[in-house]
Each structure stands twice: as structure tokens, then as C-alpha cells.
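Coordinate inspection notes
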Protein chains: 2
Amino acid sequence: MLALLPPVLREIQLPLRLRLWNGYELELGPIPSVTLVVKDPGLITQFEQPTLDALGEAFVEGRLEMEGSISEVIRLCDALSRALIPDENAAPPERRAHDKDTDAAAISYHYDLSNDFYALWLDRDMVYSCAYFETGQEDLEQAQQAKLRHLCRKLRLKPGDYLLDVGCGWGGLARFAAREFGARVFGITLSREQLALARERVKAEGLDDRIELELLDYRDLPQDGRFDKVVSVGMFEHVGHANLALYCERLYGAVRPGGLVMNHGITAKHTDGRQVGRGAGEFIDRYVFPHGELPHLATMTARISEAGLEVVDVEGLRLHYARTLNFWSANLESRLEEASRLVPEQALRIWRLYLAGCAYGFEQGWINLHQILAVKPYGDGSHDLPWSRRDLYA
Amino acid sequence: MLALLPPVLREIQLPLRLRLWNGYELELGPIPSVTLVVKDPGLITQFEQPTLDALGEAFVEGRLEMEGSISEVIRLCDALSRALIPDENAAPPERRAHDKDTDAAAISYHYDLSNDFYALWLDRDMVYSCAYFETGQEDLEQAQQAKLRHLCRKLRLKPGDYLLDVGCGWGGLARFAAREFGARVFGITLSREQLALARERVKAEGLDDRIELELLDYRDLPQDGRFDKVVSVGMFEHVGHANLALYCERLYGAVRPGGLVMNHGITAKHTDGRQVGRGAGEFIDRYVFPHGELPHLATMTARISEAGLEVVDVEGLRLHYARTLNFWSANLESRLEEASRLVPEQALRIWRLYLAGCAYGFEQGWINLHQILAVKPYGDGSHDLPWSRRDLYA
């Protein structure tokens, strides 16, 4: 039966074991650390040119199983892919039109999955975005609190500031800004599940006099400059290239002159839209974030500037997101039993691969994370930012 | 004689006095703070559509004189221009081909003017780029030392590091990095005058065992990754859009994996190359920085990324450059007598306008200043940067 496997596999040295549906095994190296179980004979030809997309799809469909650490499986599948597909086919991804309906459906697909499921592996405040490890020694809870504080400090939030939170998730940032910095917050999301739990938590904390959360599309934001500050975390990845200009215009219209706008999100490796990661992006697009489109930092910088905002501070946090995702993945891997009671089996397979896979993607530099702070200057060109960023580290 | 002046001038309210060649005066507002002296009757028609370029040219040629603060003159000329040219003609500037010869000639035009002239109004170390005002209370000397320290800190310079300084000017940064951080430095410039004085100062300080300075084009930089860090201050503005990719490739090739690259320079307001400032850019191009081309931050970010470097930290210092230029302009204005013995009258007129005018341009946001730090990651995607930027403010 092993003769069915592509002969080229025998030339590869990797600590990886393949086990076929009938029990036959091929070890690609002397001491395999993980095992891929090929349950479907039709999968064998995939091993001639194994993209991460195809392998991931097979796992989601149950045609492929794995034994051992999921992080190690991903690392070795990438190594296998590199060995067998020397020239990566790095075509730009398909870009589809975004409108309010497609955006609402895409957001609902991901974020309405199950609050209890997300609560299983996120931190207590359910902050579902890159954490901030000030020294690298922090645990996830500490690093998410530090991230919220870092964002509020970058926004120079002060008591009474009216903060717009675009894509507020489960309200962790809104509650932090209100509680720790005395801000009033208007938060929006397109996820009904997030909104319900976020409102619950705001009320439980007695912050409902200072925080208002609504189901609202960014296109419908008030455009009268009523907000002192705007924060958008993990949001611009969902907007789509064609709408990024409109998105930035809406943020510009929402904030007052002299106000600050923070965009925190995942950015692409290449400026021309080419993807790297041997199909990992296609997997994410199909199963995890439909309609997601990652702009390059240069693209975001251009759209932000063209809207009339001035970029004053950018910080790259790529390895922070790798670490965050490794925490999330480890949390989920340690609670698979509970997780399997909260979401369908296929969803669990998707989320397991996605968390471990994105950790690997950030480590490799396939994707990046940038916090981009911009100011809307007053008419005379001035603004109120301090001369240095020292206050962020006081 | 006043009837010769465009009638529209009488509808404008500005604290500006026009005095004609024959002594006749027109006051545009009740208490004029400055006076423009029109010495050439041919200039009168220019006041129908007064661009800053045309007014500046007339001043350079001695057909227009000014009485009062040069900063106030520029502010009021801009106000006059805004009042009379409602729609700014913001065409992209002409972009000419750059090669080694044109670049060498352009650099020589500006930087070989006269070391003694520059020494008259720069700080002691002759740091000819945006200073860094940590609190806004510093004088120029303090702020330039703080800038050098800020750059070295961002580069995480440590003893023994081999630093490439691209566009080293009079060597202020090279000496600081060697003296204060124990770095070895290789600096390059295309200005013979700068090189001669820079070498003199290196020797006088006994740093010639650690600093080597050469007349070299960036295209001829060693490409064997021999440098631990690269710093480029006030340099990419001279490269030209067509060559920015090549320029970034050369920096990439010069630095080792894991190394850091800092680009500090002036950036454009608009992403599409449109200029603002009612002709001020044309003036700069013709008289001050021939072949200068300002890229937008997004353009620099794109070219840096495309070369294989990863942008990790961007800091906007627009108002720092306004303040720096105001110091330089005030220094020069207070030493006009000495300056006039060092450079031709026309050059002095150009530099006076350019320093005060650029201070105004930075204040208005017509131009910006960004420090862009990038890393060349190791093959596995990792790098040695600390988790946070806190060390910059220790």
C-alpha cells in the first residue's frame, strides 16, 4: 500500500510519520514527533504538491487526522510543502465586493459562533486581538490588560473623553477605557452574540451610564465629529480593499479636529497583495474569515492619509500576536472536550488549525500586526500630542 | 501709481503693507506688521495671482524686498496667496531622472555652499536635520544631542556594532555613535566640503580608529551584509521616486540578517505626489534642493517592505522640524552681516526664505518628518528587538 504514496516523499527527511487508512506507516525521518493519519485514499495524490490549504481542508473534512502537537504538525506540514513545492504560487487572493449584507454575514459567521466557545480559550475580558507583552514574561491575562492600557495611553485618553470603538467585540476595551480612564464610549459591532454579552458585562460592571453599544455598520457612523478619539482593533481586516478609503473617511468624519484615531490590525507581508504561506491564506479565507482582506501597512498608511488624517506613530507587534495565538491555541488544545460540546466538530477542527496556524504565520512573517496612530490636525496644522512618546512608558 | 496695483488687493484685510519703487504705499489692514517693497514695476501683475514661488523668486532676484520678521512675511504672503488663488493648483512636480552625476551635482549645489555659513546657524555638531525636542523646552543644542541619542537608541546601538551612516553630513551622528555608544562607523556623503570638515572633526576628537568616512554613492555600497545597523538621516529626499526601490535594496544588502535600518527624512503630504503650499515646493526645487523628491510615508513604507525589510516603528516629528527650522532661521537672521561675507547675496536670500518657509510648511502640514525603523528578520522570521519600546525612554 505504501507504494501508492508519491515516491518523492521517500527523499524527504522530516520527523513526520504518515499512517495510512489501513495501518501502514511511512516515517520520513528517524524519530517522528507527530503523525498524520491519511484516512482517505483519495488524499494520497495531494502529497505530491501539498498546500497548507489542501491539508487543512482534508483535516476539516476528517479525511486527515493528526497525532501530536498541532503546532508541530503545522511546522512540519509547512516544511513538507516547502520541500515539494519549491516555487510558491503567490497569486493575489480573490477580492469580492463588500456591502453591508456581505459584511454582516461574514462577521456573523465568525463572531457569532458561540460566546461560550470563545470564553473557553480567551482571557477573562475576552479580548480577541493581539495582546501586548511588555517584557515577554507576561501571561495572557496580563498581556491583554497591558494591551488595553497601551491603546488607551496611545490615545491619550482622559476623563470625559468621548471614545468611539469601531468593532467593539465583547466590549473589553470599552469597559477598560471607561473604568480605568474615565472615558465615555460608543462601541459598534455587527455580531449579535458579541453585542448581547458585551452589554451584559457593561451592565454587570455598572458602566451602562458611560458605555453605549450598538449593532451598527461603520458606514452608518455619525459624521459630525462628535468623538474625541477613535479606536479600531481587529476591524480593518474585514473592510476589504475597495472600501478602505470609505472606511477611513468615516473615521475621519467621526472624530473632532485635534482628535486621535488608532487602527490596530493585521497587515499583509506584500504590498501587491501576493500571499505567502503555501495556501494558508486560502484556508483562512474559506473557513475562518470569509471576505477578510489584509492590507499592507503602506496601503493603510496611504488610505488613512488620504482621508485627511496624519500618521504619527506606528508600532509593529508581529511576534506579540504569535505569542497571543500560541496562548489561545494552547488553551483550546487543553479543553477540546469542553469545546466539542459547544461547537460542531468541523468548526472545532477549523478553529484549532486557524489558531495554531496563525501563530506560525506571524512567527514566519507571513502576516504582521501594526498599531497605527493618526491625528486629525486642527485647521492651522497644530495638534495636542505631547512632544515625545515618553508618557506611554511612564 | 497705486492704481497700477490689482484692484482685488483693496478687498483684502491683512496686516501687510506694500510699498512701491516710488515710495507710494498701500496698507492692506489697519496696523501692518511687515512691509513688502516692490522694487520692480514688472512685479505688479504677479500680485493678481501671487504664488509663493513667484514672490520668492522676486525676493531672490532683488525685485522684492521685505521689512520686518521673515516668518511673518511668509505667513502673510501665504494668507495673501490663499485669498487670491482660491483653488490651489496642486500638480505633481516634475520628476527628472537621477543618476550618479545628477545626484552628485545636486548634493554639491546645496551642501558644498560653505561650511562656515552652515556653522553660523547650525548647532555646534552641525547636525543638519530635524532635532528632537523631548519636552519642547530644549534649546537647539540640547535637541540635536537628544535626536542623535534617540536615533542611536532606536537602533539599539551597542559597543562594537558596525554602523553604516548613509548621507553622513558633517559627521555629527557618526561621532556621537562612536563616542557615546562605542560603535564603529562607516559614513558616506557626496559632498566634498562636508567630508573634509567631518574628517577633520573625527580626527580632532581622536575617533579616527573607529570612524571611516568616504565620498561614495549609495549605489556603490558594499552588499555583503557587513553592517549591524544602518542609519540614513535626511537622505531619501534626494534619491528620487524612480530610484527609491534601488536605494532600499542597497540598504537591505548592506545590513546583516537581524540588523536594523533607520530612515529619517521629510515626507510628502499627499500620496499621489500633489504638492501643497502655493508654489513653495517649486521654489525649493528650483533654488534649494534641485532634484529633491519627497515620498509619502506610505511610499517609503512600501519600498522598504518590498526590499525585504519589516517596518517596526514609525514616529512622526513634523512639529519638531518646524521648531528646528525656526531655531535655524532665527540664528541666521541674527547673523546676516556675517553670513553676507560667506555666501553670495542671492544664496543668502534663498537660504533665508527656505529656512523660514520650511518652518512654516512643517507647521502647516505641507510636509512632514518621519523616522522609520525597519528590521531585516532572520531566516526563521525572528529578530532581536525588545518586546516594547520602553528602553527608548529609560
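Residues numbered from 1 in each chain as written. Chains lettered and ligands numbered in written order. Predicted model: local features only at pLDDT ≥ 70, side-chain atom pairs only at ≥ 80, totals over all residues. Heavy atoms only, no water.

**Details of the overall build of chain A**
- The secondary structure content of chain A amounts to 13 helices and 11 strands.
- Expected size for 394 residues packed as a compact globule is a radius of gyration near 21 Å; at 22 Å, chain A falls within 12% of this value.
- Overall, the C-alpha framework of chain A stretches about 75 × 45 × 40 Å when taken along its three principal axes.
- Taken over 394 residues, chain A has a buried fraction of 60%.
- Surface exposure of chain A reaches about 15,000 Å², of which carbon and sulfur atoms provide 50%.
- In chain A, 44 positive and 58 negative side-chain charges are present, and the distance between their average locations comes to 3 Å. (Helix = DSSP H or I, 4+ residues; strand = E, 2+ residues; numbered from the N terminus. Rg over C-alpha atoms; globule rule 2.2 N^0.38 Å. Buried < 20%, exposed > 50% of the residue type's maximum accessible area, 1.4 Å probe, protein only. Areas by Shrake-Rupley, 256 points an atom, 1.4 Å probe, with all protein chains shown as cover. Lys, Arg positive; Asp, Glu negative; His and termini not counted. Charge placed at Lys NZ, Arg CZ, Asp CG, Glu CD.)

**Quick notes on the sheet that holds strand 2 (residues 25-27) of chain B**
Residue and element names in this part refer to chain B.
- One open sheet holds the four strands; their spatial order is 2-1-3-4, and the pairing between them is mixed. Both edges of this open sheet fall to strand 2 and strand 4 (64-67), since each of them pairs with a single strand only. On average, adjacent strands in this sheet sit at an angle of 20° to one another, irrespective of strand direction.
- Here three bridges tie strand 1 (residues 16-20) to strand 2, and the two strands are oriented antiparallel to one another. Looking across to strand 2, one finds that Arg-19 is bridged to Glu-25. (Pairing = 2+ DSSP bridges. Axes fitted to C-alpha atoms, helices over the stretch in contact; angles between N-to-C directions.)

**Here's the deal with the relation of the copies chain B and chain A**
- Of the two same-sequence chains, chain B is brought onto chain A (RMSD 0.0 Å, axial shift 0.0 Å) by a rotation of 180°. This pairing of chains is accounted for by a two-fold axis.
- With an isologous cut-off of 70% or more, the 100% of interface residues of chain B that recur at the interface of chain A puts this contact in the isologous class. (Least-squares fit on C-alpha atoms with pLDDT ≥ 70 in both. Contact = heavy atoms within 4.5 Å.)

**What to know about the domain arrangement of chain A**
All names here are of chain A.
- For chain A, the domain assignment lists domain 1 (2-84) and domain 2 (100-393).
- Computed over C-alpha atoms only, the centres of domain 1 and domain 2 are separated by 35 Å.
- For the pair domain 1 and domain 2, the summed buried surface comes to about 1,700 Å²; carbon and sulfur atoms form 59% of the total.
- For domain 1, the biggest contributors to the area lost against domain 2 are Asp-53, Val-60 and Ile-70; these three give 34% of the whole.
- Joining domain 1 to domain 2, the criterion identifies three salt bridges.
- Measuring nitrogen to oxygen at the nearest pair gives 2.4 Å for the salt bridge that ties Glu-65 to Arg-349.
- Remark: the boundary between domain 1 and domain 2 carries nine residue pairs in polar contact (both at pLDDT 80 or more).
- Looking at the side of domain 1 that touches domain 2, the elements that each hand over two or more residues are helix 1 (52-60), strand 4 (64-67) and helix 2 (70-84).
- Of the residues forming the side of domain 1 that touches domain 2, the biggest block, seven residues, is contributed by helix 2.
- Here the residues of the side of domain 1 that touches domain 2 are counted per class, giving seven nonpolar, five polar and seven charged. (Domains from an automatic or database assignment. Buried area = accessible area lost by both parts, 1.4 Å probe. Salt bridge = Lys/Arg side-chain N within 4 Å of Asp/Glu carboxyl O. Polar contact = N/O pair within 3.5 Å; in protein donor to acceptor, adjacent residues only side chain to side chain. Nonpolar A, V, L, I, M, F, W, Y, C, P; charged D, E, K, R; others polar.)

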